[in-house]
Amino acid sequence: PAEELVQLGHRHDVPVYPCINGGAPTQGTDAEMRAAASNILWAGADGIYLWNYQYRDVQKLGYGRPVDEAYGLLDEIGSAAALRYSDKSFSLEREVTVASYARACHPAQLPAEIAAGGPGSALRLRVGDDVAAAYRAGRLADTTLRLQLDGLPHGADVVAELNGGDLGSEVGRDGAVGFDVPGSLVRPGDNQLRVRVGGPATGKVTLQAVSLDVGYR
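Analysis parameters
Residues numbered from 1 in each chain as written. Predicted model: local features only at pLDDT ≥ 70, side-chain atom pairs only at ≥ 80, totals over all residues. Heavy atoms only, no water. Helix = DSSP H or I, 4+ residues; strand = E, 2+ residues; numbered from the N terminus. Rg over C-alpha atoms; globule rule 2.2 N^0.38 Å. Buried < 20%, exposed > 50% of the residue type's maximum accessible area, 1.4 Å probe, protein only. Contact = heavy atoms within 4.5 Å. Areas by Shrake-Rupley, 256 points an atom, 1.4 Å probe, with all protein chains shown as cover. Patch = residues over 30% accessible without salt bridge, like charges linked within 9 Å, V, L, I, M, F, W, Y side chains within 5 Å. Salt bridge = Lys/Arg side-chain N within 4 Å of Asp/Glu carboxyl O. Phe/Tyr/Trp six-rings, centres within 6.5 Å; stacked < 30°, edge-to-face > 60°. Expected span 1.5 Å × (residues − 1).

### Observations regarding the overall build of the protein
When helices and strands are tallied, the protein shows six helices and 13 strands. Compactness check: the protein gives a C-alpha radius of gyration of 18 Å against a globular reference of 17 Å for 217 residues, within 12% of the reference. The C-alpha extent of the protein, read off along each of the three principal axes, is 50 × 45 × 40 Å. Taken over 217 residues, the protein has a buried fraction of 43%. In the protein, 71% of the contacts between residues at least 6 apart in sequence involve partners at least 24 apart. When the accessible surface of the protein is split by element, carbon and sulfur atoms take 49% of a total near 11300 Å².

### A closer look at a nonpolar patch on the surface
Taken together, the side chains of Tyr-17, Tyr-49 and Trp-51 present a nonpolar region at the surface, about 340 Å² in accessible area. In this structure, Tyr-49 sits in strand β2 (residues 49–51).

### Regarding the side chain of Glu-3
Turning to its location among the elements, Glu-3 is positioned in helix α1 (residues 2–11). Judged by its relative accessible area of 17%, Glu-3 is buried. When residues no more than four places from it in sequence are discounted, the contact partners of Glu-3 are Trp-42, Ala-43 and Arg-126.

### Topic: the packing of aromatic side chains
For the structure shown, the criterion picks out three aromatic pairs. Here the aromatic rings of Tyr-53 and Tyr-71 are separated by 5.5 Å at their centres, their planes lie at 35°, and the arrangement is tilted. With a gap of 18 residues between them, Tyr-53 in the loop between β2 and β3 (60–62) and Tyr-71 in the loop between β4 (65–66) and α3 (74–77) connect regions that are remote in the sequence. Classification of Tyr-53 as buried rests on a relative accessible area of 7%. A relative accessible area of 36% places Tyr-71 in the partly exposed class.

### Re helix α2 (residues 30–42)
Between its first and last C-alpha atoms α2 spans 18 Å; for 13 residues at 1.5 Å apiece the expected length is 18 Å, and the two agree. Judged by how many residues are buried, α2 sits mostly within the fold: ten of 13 residues are covered. Glu-32, Met-33, Arg-34, Ala-35, Ala-36, Ala-37, Ser-38, Asn-39, Ile-40 and Leu-41 are the residues of α2 that are buried. Turning to α2, the residues buried within the fold contact β1 (19–21), β2, α3, α4 (80–83), β5 (88–91) and β7 (121–127). Looking at the residues trailing α2, positive phi occurs at Gly-44, about 90°.

Put into structure tokens, the structure is as follows:
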């Protein structure tokens, strides 16, 4: 986590710039990049280091050549003030399988196996924004939890809880499930998420992707 690096560096008067990999599957869109930047700044970092920005999921002039408009995002992600009410998608990263990357990466929480009918999988979802404050200020438009699961039978129920609050159950369709999330439930920092799979599923289901999409007015 970035705050461990920040605390270590600041203890020795060293500025810390955690990295965002623009080529990562969960950090390619504008909303995902904003969320990654929000998490880094929440951790107290002095700034942000960008890597593979040219490989983001944006319109390109050619391989590794984003259109000029794609660089406008740089004006947003440099400060918490600029990011405050911009749409974001906070997500969990998957296990890195490329050996050279894996050595330098924090262990990932995904993929996660969930036994149908069991207690489910407990996960930590970091959110750098103060979503609850935006909700109280009337600036929050919508907050949606999105899950992607492999091996989920058609019609199986998926149940989710966030910070102890019940988000209800939804029927999975092609492995995709979405939940409306009350803004008052979301905390700055680590949020406790639990995902369970009910009937008529049997066996194990694999949770492959988790994102919390936050939209502002």
